[in-house]
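Remarks on the overall topology
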Amino acid sequence: VGDAAIKRIHEVGDLGVSMSSFLNPDTYSRGDCYSGLTDVLLGGDIIVYDTETTGLDLTSDQVIQIAAIRYSPHGNPVETFERILIPTVEISQGARDTVPFDIDEAIETRGIPAYQALKEFSEFVSGAVLVGHNSIRFDAPLIARQLDELGLPPLDILGEYDTLTLAKQFYPSLPNFKLATLCSHFNVTNE
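Structure report, in brief. Since the structure is predicted, the reported quantities are computational estimates derived from the model, not experimental observations. (Residues numbered from 1 in each chain as written. Predicted model: local features only at pLDDT ≥ 70, side-chain atom pairs only at ≥ 80, totals over all residues. Heavy atoms only, no water.)

1. Let's talk about the overall build of the protein
When helices and strands are counted, the protein shows nine helices and six strands. The burial tally for the protein puts 40% of its 191 residues in the buried class. Of all intrachain contacts in the protein linking residues separated by at least 6 positions in sequence, the fraction that spans at least 24 positions is 62%. With an accessible surface of roughly 11,200 Å², the protein has 55% of that area assigned to carbon and sulfur atoms. (Helix = DSSP H or I, 4+ residues; strand = E, 2+ residues; numbered from the N terminus. Buried < 20%, exposed > 50% of the residue type's maximum accessible area, 1.4 Å probe, protein only. Contact = heavy atoms within 4.5 Å. Areas by Shrake-Rupley, 256 points an atom, 1.4 Å probe, with all protein chains shown as cover.)

2. Re unusual backbone geometry
We note that Asn134 has phi near 60 degrees; this positive angle belongs to a residue other than glycine. Within the secondary structure, Asn134 sits in the loop between strand S5 (129-132) and helix H7 (135-149). The class for Asn134 is partly exposed, based on a relative accessible area of 28%.

3. Remarks on helix H5 (residues 103-110)
Among the residues of H5, those classed as buried are Ile103, Ala106 and Ile107. Each buried residue of H5 lies within a common arc of 100 degrees when the element is viewed along its axis, so the set occupies one face. Set apart from the buried face of H5 by more than 90 degrees, the exposed residues are Glu108 and Thr109. Check the buried side of H5 and you find it contacts strand S2 (63-71), strand S3 (77-86), helix H4 (93-98) and strand S4 (111-113). The distance from a side-chain oxygen at the start of H5 to the backbone nitrogen of Asp104 is 3.1 Å, and the residue carrying that oxygen is Asp102. (Arc of directions from axis to C-beta. Polar contact = N/O pair within 3.5 Å; in protein donor to acceptor, adjacent residues only side chain to side chain.)

4. Some details on the sheet that holds S2
With mixed pairing, the six strands of this open sheet are ordered in space as S4-S3-S2-S1-S5-S6. Two strands in the sheet have a free side with no partner beyond their single neighbour: S4 and strand S6 (159-162). Sheet twist, expressed as the mean angle between neighbouring strand axes with direction ignored, is 35 degrees. As judged from the three bridges shared by S3 and S4, these two strands associate in the parallel manner. Note on S4: the bridge partner recorded for Leu85 is Ile112. (Pairing = 2+ DSSP bridges. Axes fitted to C-alpha atoms, helices over the stretch in contact; angles between N-to-C directions.)

5. Here we look at the packing of helix H6 (residues 114-125) against H7
H7 packs onto H6 with a crossing angle of 120 degrees between their chain directions and a minimal axis gap of 10 Å. Comparing their axes, H7 and H6 come out oblique. With respect to the hand of their crossing, H6 and H7 are arranged in left-handed fashion. Where H6 approaches H7, its residues Ala114, Leu118, Phe121 and Ser122 are matched on the opposing element by Ile143, Gln146 and Leu147. (Parallel < 35°, antiparallel > 145°, perpendicular 65-115°, else oblique. Left-handed = near helix turned anticlockwise from the far one by under 90°.)

6. Focus on the nonpolar core
The biggest cluster of nonpolar side chains holds 21 residues, and the ones touching the most others in it are Ile47, Ile66, Ala68, Leu85, Phe121 and Ile143. For this core, the element with the most residues is H6, which contributes six residues. Ignoring sequence-local partners within four residues, the contact set of Ile66 consists of Asp50, Thr51, Phe81, Glu82, Arg83, Leu85, Phe121 and Ile143. (Core = buried A, V, L, I, M, F, W, Y, C linked by side-chain atoms within 4.5 Å.)

7. Let's talk about a nonpolar patch on the surface
Residues Tyr171, Phe186 and Val188 make up a contiguous nonpolar surface patch of roughly 270 Å² in combined accessible area. Mapped onto the elements, Phe186 comes out in the segment after helix H9 (179-185). Classification of Phe186 by relative accessible area gives partly exposed; the value is 41%. (Patch = residues over 30% accessible without salt bridge, like charges linked within 9 Å, V, L, I, M, F, W, Y side chains within 5 Å. Salt bridge = Lys/Arg side-chain N within 4 Å of Asp/Glu carboxyl O.)

8. Re H7
Of all the positions in H7, only Ser135, Phe138, Asp139, Leu142, Ile143, Arg145, Gln146 and Leu147 are classed as buried. In the core, the buried residues of H7 are packed alongside strand S1 (46-53), S2, H6, S5 and S6. Looking one or two places after H7, you find Gly151, whose phi comes out positive at around 75 degrees.

Scope: geometric values only; no functional claims are made or implied.
Next comes the structure, spelled out in structure tokens:
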């Protein structure tokens, strides 16, 4: 790639194009790094998800809650998924401080083994496109590692998109890219 091409890519950065766009498999197979997302928004299967975890260490911490919402092509929620997982490692104080509910009570009353919960999540998201906030760097690798450790196959999804990455590409002038900031910017209520 020559200097002129790099300069042009930087000039159209506010359109969501960056040098990393050319590393995306969709760019090569479909000519557009966002085609998987736009195709599913127009008529496919999109699931927005999030996790709560025992901590931030991708090599040892575990998922303790996983929640997801399947959306219709018109943006209406059509199905929800939520499981509390029984961890086999201690929950860090930092994780306890960020979980918006009594995690010990939830584990005691609604907790199920991680194997069962992740198997059910895998079935729920099969064939869909996943969307999460900071999911590419955190949620997805943690789930993938835990699936592997439990002897479960990787998620069978069409793709995954990260709202943190999208916000940085399309709205670089925002003060930060926290979910609360994005919700405020787009006038969206985050429940």
